[in-house]
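Observations on chain architecture
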Amino acid sequence: MAIKPIVVHPAEVLEQECEPVTVFDRKLSKLLKDMYDTMIELDGVGLAAPQVGIPIQAAVVDIDDHHGTIELINPVIIEKSGSQTGPEGCLSFPGLYGEVERSDFVKVRAQNRKGKPFVIEANGFLARAIQHEIDHLQGILFTSKVKKYLKEEELEESEG
């Protein structure tokens, strides 16, 4: 288990568009495993490669539901609809939370760690997490979409 250090803002790698993945090898598989271990260790629901200092289009998402761990390589949103607003945080912005509006439904085309294309559809919280990570791969930070910043107490209240 390799826990990678998280790149925190302000770091250039967080605000640059990431390169597409073209080589699907053991190195990529190890990176994805390390990213997953890091995300779980830090109690996150998603982690993008630039957050561990690697500017490639790779992300992992796991909201602890029936989908399990989703590895998104070179993801593209091909359809989205609806709207939801909810609290978001980011491992690259420790202790910072805000209300962010996102699509309530997304359909994403991506590749798995072996390069095989797949399509995933997601609603609600999973759609939110996927959009947050895809934004990272395009150099877009959640702070650019925050409608209102939240204090930690407000965050706990909104979680019930």
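These numbers come from a predicted model, not from an experiment.

**Here's the deal with the sheet that holds strand E6 (residues 105–111)**
As a general point, the strands of a sheet are linked pairwise by backbone hydrogen bonds and lie either parallel or antiparallel. Pairing is antiparallel in the open sheet, where 5 strands are placed in the order E1-E2-E3-E6-E7. Both edges of this open sheet fall to strand E1 (46–48) and strand E7 (117–123), since each of them pairs with a single strand only. Averaged over all adjacent pairs, the angle separating strand axes in this sheet is 35°, with direction ignored. Pairing of E6 with E7, which is carried by 7 bridges, proceeds in the antiparallel orientation. Residue pairing for E7: Arg 109 is matched across the bridge by Val 119. Helix-sheet contacts for helix H1 (residues 26–41) involve E1, strand E2 (58–61) and strand E3 (70–81), and the interaxial angle to E2 is about 40°. Against the sheet, helix H2 (residues 124–137) touches E1, E2, E3, E6 and E7, its axis set at about 160° to E2.

**What to know about the nonpolar core**
One finds Val 61, Leu 72, Val 108, Ala 122, Leu 126 and Ile 130 to be the most contacted residues of the largest nonpolar core, which totals 14 residues. Taken together, the elements giving at least two residues each to this core come down to E3, E6, E7 and H2. With 5 residues, the top contributor of residues to this core is H2. If we skip the residues at most four places from it in the chain, Leu 126 touches Val 61, Ile 63, Asp 65, His 67 and Ile 70. Among the nonpolar cores identified, the runner-up in size contains 12 residues, and Met 39, Val 52, Val 60 and Ile 73 belong to it.

**Details of the packing of aromatic side chains**
A complete count under the given rule lists 1 aromatic pair for this structure. Arranged with centres 5.6 Å apart and planes meeting at 80°, the rings of Phe 93 and Phe 142 form a pair that is edge-to-face. With Phe 93 in strand E5 (residues 93–102) and Phe 142 in the loop between H2 and strand E8 (146–150), this residue pair connects regions lying 49 residues apart in the sequence. With respect to burial, Phe 93 and Phe 142 carry one shared label: buried.

What counts, and at which threshold
- Residues numbered from 1 in each chain as written.
- Predicted model: local features only at pLDDT ≥ 70, side-chain atom pairs only at ≥ 80, totals over all residues.
- Heavy atoms only, no water.
- Pairing = 2+ DSSP bridges.
- Helix = DSSP H or I, 4+ residues; strand = E, 2+ residues; numbered from the N terminus.
- Axes fitted to C-alpha atoms, helices over the stretch in contact; angles between N-to-C directions.
- Contact = heavy atoms within 4.5 Å.
- Core = buried A, V, L, I, M, F, W, Y, C linked by side-chain atoms within 4.5 Å.
- Buried < 20%, exposed > 50% of the residue type's maximum accessible area, 1.4 Å probe, protein only.
- Phe/Tyr/Trp six-rings, centres within 6.5 Å; stacked < 30°, edge-to-face > 60°.

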